[in-house]
Structure formats: C-alpha cells, structure tokens
Amino acid sequence: MIRRRRIRESWVWHALLCLACLAILAPPAPRFPVERWGPAVPAGVRSLLWQAHFRDGWPGVLFLEDVLVLTHGEQVEARNAVTGQTLWSFSTSGVGGYTPPEESLEATGDYVVAVAPRADEDDDETPRGDSLLAFNGRTGTILWNLTSGFYGSDLPDSYFTYIGAGGERVLIRIPSVGVVRALDAVDGQPRWESTVSPGCHVESGDADESVAAFLMNCAGHFRLRVLGVSTGRFLWEREVFPLGAPLITVADRAIGVESDNAFTVYDADGRRLYEHIAGETCVCSWAATAEGLMIVRQDDVSKSMVADAVDRRSRRVTPIRGEAGEFETVEAVDGRIYGKRRLGAALQGSVIVMVDPVTAKQTPVATVPSYENVIGISRYALLVAPDADDDDRTSLLAYRTVPPPATDPGLTARGGVERRSWPDACSLVPPSALAAEFAKARYRPLPRPGPPELGLNTPTGCDLVPGDATHPVLTLSVLWVSATTAEAETILKATVAQFGESDFSRISSPEPWMRLYVDRAMTDAVVMRVGGTLVRMDGAGDRDVAVRLARAMAGGLRAAA
C-alpha cells in the first residue's frame, strides 16, 4: 500500500522536490495499469497467463498488488503476477536461526513477514515458539529475523509467538514478561507494548492495517482487548465468553472471535455486528469489507454449509441457503467479497462469485474445474492449484478473465463453452438403444434443471422412469462440458479418483475420442468422456447393459459434436 505524504499548500517548492524524489524512487509501474482492470476481478472466461511447477511444494503465497510472493522449500521468491517472470529470490538456508515458513506469509504494506514454528525441540508437548523473517516484498531485501527461545526460559532469547501484522508493525506475545510487543516491520525494533492483565495469558490474536486484537484468558474468564495497531493506543476492552480453543481474526476493522460452538464479530468501535451460537462445533470462515461481512458456517440440522451476509451499517443479516450458500472459501479483495462454491452437487465445476454483503446478490466471476483449488485472487491474476500430479509435482496456474458477450451472461459460469455444446440430459440415451435393451418398457423423462448461473434451457440431469416396476430407473447426469479435450480428461481422472472406495475401472475402447469407466462395486454405474463432454449413468442394473447404453450415448454425442 503506497502511503501519501501530507504537504502544506504553502510548501510549494518542497512539494515539487518531494514529487521528483518519489518519481525516482517509486517502483516500476505494473505492466497492466490498475485502470485497465478496474477495481475488482472482472467477470469472464479464463485465459492462461502463465504456469509454474515445484517439486518441493509452496506453503506460502500472497499478492502485493502486481507482485506475487511465494515460498517453496527453503526458497522465497517474487514473480510478476501477470507474466510469471521471477523478480527476485533468496534462500532461507543462509538466514541464521530461521526455518522455512509453513503456510504463513503475511504483509503490511510492501513488508512481508514469514512465520515458521521452531523445529529444533525434541519434546512435541512443549510449545515451540516461532521464527520470523521480515523482508521487502517488492525488492527481496531481507530486513531482519528473530527466533524464539525455549518455552519457560529467558536465556539466551525470550520465548515468543507471532500474533499478526499490520500498520507496519509485527506483533508478538512474550509470556515471560507478560506483554504483547509491536516490532517495526522495517527494522524489527520495539515500537510499543501492551501489558497483559495480571493473572492472565494471551490465547490468540491478530491484526490488520488499522487495529490489533488479542484475547486474554484470566483463570477461565476471557477479555478481548483492541488497540490501534500503529501506535498501540487503547481502543476498548470487554469480557467475552468463548468455549474450547478460541481464535481471534481481524479483517477490515472487524474482529472475529471463534470458539468451539460460537462465532462473534465486533466492529472496531466495539459494536457487535454478528453472533451465531451453534449446537455443536462451529465450522466458520469469514471475510469483511467496509460495507459488510460474509460468514460461512455449518448448519446445525442439515450439516451442510450455509452463509450469512451482514450489512455493517444496519447489522441486517441476509441468510443464503441451499447450494448458493455452500461456499468452500471466501476472501475480500479490493473492497469486494469473493467466494468459491460448487455448481450443483453433480457438476464437476466450481464457480467464483462476487457477493454483495448488503443485498447478498451473487455475480459469477469465473469457473474452475472441481480439481483446481483457488489459491489467490487479485485484479491482476486468478491463481489456482490443481490437485497434485502423479509425480507429486505442485503446480500454480495464473489466469486473467476475458469478459464474455453481454448477450450470453451464462458463458462465464460455463467456462466459455457455448450453450449449444451442453447436451440435453434427457436425450443422452437414443430411443433405439432403450428399445433394444428394454423392449416392453415405456420410459418417461423427469428432467433436473441445472444451476441458473449456467443459463441453460436444457436439463443437466434426468431420470428415465419406466411405466412398470420390472425395468430399472436410469439416472443420467451431464457432469461437465470443457472447452478442451485435455481439460475434460483431467476432470474425468479427478472424478474417478474421488470415488476411490468404489474403484472405477476403465473399459478398453477402440474409439480414441472416448473414455469409459465402470464402477467395480456398483457395476451398473458408468462415467464417460466424449470429446470435452463428461456424463454419468446409474441404475441400468447390469454391467453389460450399462456399457452398451454408454456406447450408444457416446455415438450420439459424437454425432452431435
């Protein structure tokens, strides 16, 4: 985040000199200016920008606007988010006392702190403390590092654990002296301390660019303290009532308190914005903007995931239920909230949507196959990671999104595939094939429409129901239609792999344009790919009948392509 100097109007000459200095010292402009991309991720069809492969994994990834910082093994590096070009890199092996970070990179402005648990203690029951490595995320310049001592000992180094970063401060808790200490992100020097109340210890804490919050456990009674992160100025403190192992998270001047069966969010002024008390364990995630909150949690009764959108001004909660609320992830980017959720139970695709927390309206942004995990979102790139390859490589793929024609908004959710390429599930099995297998049956279709985001006028699922009880009910599903055969083949392999307990086996076929798998346990269940189209059929009652019907479906799909 670029911080602008305040200059008095009378200092005209001084202002001109400062502007000249800033022009010289400012980092190079991004290849694609912010104005081109707009204030948020544009909705559209994915187009690959670049990809990278790693043998040693990548536990930490974060965006600094147009710069992507990541770690893999002992290596820390930065890439241009648009081109994938490596900007700088260094090895942590030469940094004394530091161990490679494990899934923790956090930034305050352009300063990044990598957090790693100590790995040199033999006793797994003893708290390990943390090691910190601070560096400039745009230049790769290492600024400072700090390693925790052993728990219960003040020598040679104090034991500490990391709390959070924001406002160019890095916060740690030091139990031996009973303080939360803020270190300068640039030089690592102490800038302020907050004394923990006598008889209390800090359970959890976090920070954003404005506020810091930590939870004190005082003999079973909990107090939440909130401070200005840059100066340590006291804002407020109150008693709270979490159970189990509470966790504090801070985002956009909102403080979340999560415990075993409850989740509460407070504003920076101490107002309670949201509270949910669960009957069982609260499986919660959330994101915040200045306008509102998005909370994803597990429903007590159905055990499915549901979502609540919260207007911060009025504190009005708008529930989002059904498939529209089953989010896997939520994230705030550039003042907007994005979430990833499945497109229906059967479809092998997920949609990234932008959610208005005030109205709960969802706008599809892009579609990703079910086997791809969304790692990061920025206005410069959409970063995904496919499930691990057969050789355990870890891959990162960066995409931009190209807006679709306004005449077909469903093109975004369909991943750029034309509407006419999606087959009618009720027409998958040719009538002649049905008559050949079940001569006396009179089947009627019961269509199952697809999600409205797809913009289809044909069903994605269908039950073919016979007029008598002697013939089987056939269940047909269009799992996905990909723009390329290669992507469809990868989705097919991932789909078959997720049914590992059933163990699908591939049926040899002379046709190079199709793949057919049969479930070894439920022998009448088949999954098939024809070109870029994936379909599934259940209920034929017999393996050989299922294979013959699948081949008839394949012929029809091939002819229609």
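All figures in this text were calculated on a predicted structure; none of them were measured in a lab.

This next bit is on the sheet that holds strand β6 (residues 105-108). Ordered by their spatial adjacency, 4 strands build an open sheet running β6-β7-β8-β9, and the pairing between neighbours is antiparallel. Of all strands in the sheet, those bounded by a partner on one side alone are β6 and β9 (142-147). On average, adjacent strands in this sheet sit at an angle of 20° to one another, irrespective of strand direction. Sheet topology places strand β7 (residues 111-117) next to strand β8 (residues 130-136); 7 bridges connect them, and they run antiparallel.

Across the sheet, 4 strands lie side by side as β2-β3-β4-β5; this open sheet has antiparallel pairing. Strand pairing shows two members of the sheet lacking a second neighbour, β2 (60-64) and β5 (86-91), which therefore form its edges. The mean inter-strand angle of the sheet, taken between neighbouring strand axes irrespective of direction, is 15°.

So, on to the state of the cysteines. For the structure on display, the rule yields 2 disulfides. The disulfide bridge from cysteine 426 ends at cysteine 462, spanning 2.2 Å between sulfur atoms. On the S-S bond that ties cysteine 426 to cysteine 462, the torsion sits near 100°, and the link is right-handed. With cysteine 426 in the loop between β32 (394-402) and α3 (431-437) and cysteine 462 in strand β34 (residues 461-465), this pair connects stretches of sequence that are 36 residues apart. Like cysteine 426, the residue cysteine 462 is buried in the burial classification.

Aromatic rings in a pair are described by how distant their centres are and how their planes are angled relative to each other. Applying the stated criterion across every chain, the model contains 8 aromatic pairs. For the ring pair tryptophan 88 and phenylalanine 90, a centre distance of 5.7 Å and an interplane angle of 5° mean the geometry is stacked. Summarising the burial analysis for this pair, tryptophan 88 and phenylalanine 90 share the class buried. Following the ring pairs from residue to residue traces out a cluster consisting of Trp88, Phe90 and Phe135.

Another aspect to go through is the pattern of salt bridges. Under the criterion given, the structure shown has 27 salt bridges. Put simply, arginine 419 and aspartate 408 hold a salt bridge, and the shortest N to O gap is 3.2 Å. Taken as a pair, arginine 419 in the loop between β32 and α3 and aspartate 408 in the loop between β32 and α3 lie far apart in primary sequence, 11 residues in all. Each of Arg169, Asp184, Asp187 and Arg191 takes part in one network of salt bridges that share partners.

We now examine helix α5 (residues 543-560). An α-helix turns once per 3.6 residues; consequently, residues spaced three or four apart project the same way. Along its 18 residues, α5 runs 26 Å from first to last C-alpha, staying within 8% of the 26 Å computed at 1.5 Å per residue. What α5 keeps buried is the set Val545, Ala546, Val547, Leu549, Ala550, Met553, Ala554 and Leu557. On the buried face of α5, the contacting elements are α3, β35 (474-481), β37 (514-519), β38 (526-530) and β39 (533-538). Between a side-chain oxygen at the N-terminus of α5 and the backbone nitrogen of aspartate 544 the separation is 2.9 Å; the capping residue is aspartate 542.

Here we come to the environment of cysteine 282. Residue placement: cysteine 282 occurs in the loop between β21 (272-277) and β22 (285-288). Separated by 15 residues in sequence, cysteine 282 and arginine 297 have C-alpha atoms that sit 6.7 Å apart. With residues up to four places along the chain from it excluded, the contact list for cysteine 282 reads Glu258, Ser259, Asp260, Asn261, Ala262 and Phe263.

Next up on the list: the pairing of strand β12 (residues 179-184). Within β12, 5 of the 6 residues are buried, which leaves it mostly tucked inside the rest of the structure. In terms of strand pairing, strand β11 (residues 169-174) meets β12 through 6 bridges, oriented antiparallel. When the sheet's bridge partners are listed, valine 170 is paired in β12 with leucine 183. Linking β11 to β12, which pair antiparallel, is a turn of 4 residues; within it glycine 178 sits at a positive phi near 65°. Where β12 meets strand β13 (residues 190-195), 5 bridges bridge the pair, whose relative direction is antiparallel. Across the sheet, the residue bridging to leucine 183 is proline 190, located in β13. What sits between β12 and β13 in their antiparallel hairpin is a turn of 5 residues, with glycine 188 showing a positive phi close to 80°.

This paragraph deals with unusual backbone geometry. In most cases, non-glycine residues show a negative phi, while peptide bonds are predominantly trans. Of note, glutamate 65 is a non-glycine position whose phi angle comes to about 55°, a positive value. By secondary structure assignment, the location of glutamate 65 is in the loop between β2 and β3 (67-72). If you check the backbone angles, aspartate 252 has positive phi at about 50° while not being a glycine. Structurally, aspartate 252 can be placed in the loop between β18 (247-251) and β19 (254-258). For aspartate 252, a relative accessible area of 34% translates into the label partly exposed.

Basis of the calculations
- Residues numbered from 1 in each chain as written.
- Predicted model: local features only at pLDDT ≥ 70, side-chain atom pairs only at ≥ 80, totals over all residues.
- Heavy atoms only, no water.
- Pairing = 2+ DSSP bridges.
- Helix = DSSP H or I, 4+ residues; strand = E, 2+ residues; numbered from the N terminus.
- Axes fitted to C-alpha atoms, helices over the stretch in contact; angles between N-to-C directions.
- Disulfide = S-S within 2.5 Å.
- Buried < 20%, exposed > 50% of the residue type's maximum accessible area, 1.4 Å probe, protein only.
- Phe/Tyr/Trp six-rings, centres within 6.5 Å; stacked < 30°, edge-to-face > 60°.
- Salt bridge = Lys/Arg side-chain N within 4 Å of Asp/Glu carboxyl O.
- Expected span 1.5 Å × (residues − 1).
- Contact = heavy atoms within 4.5 Å.
- Polar contact = N/O pair within 3.5 Å; in protein donor to acceptor, adjacent residues only side chain to side chain.

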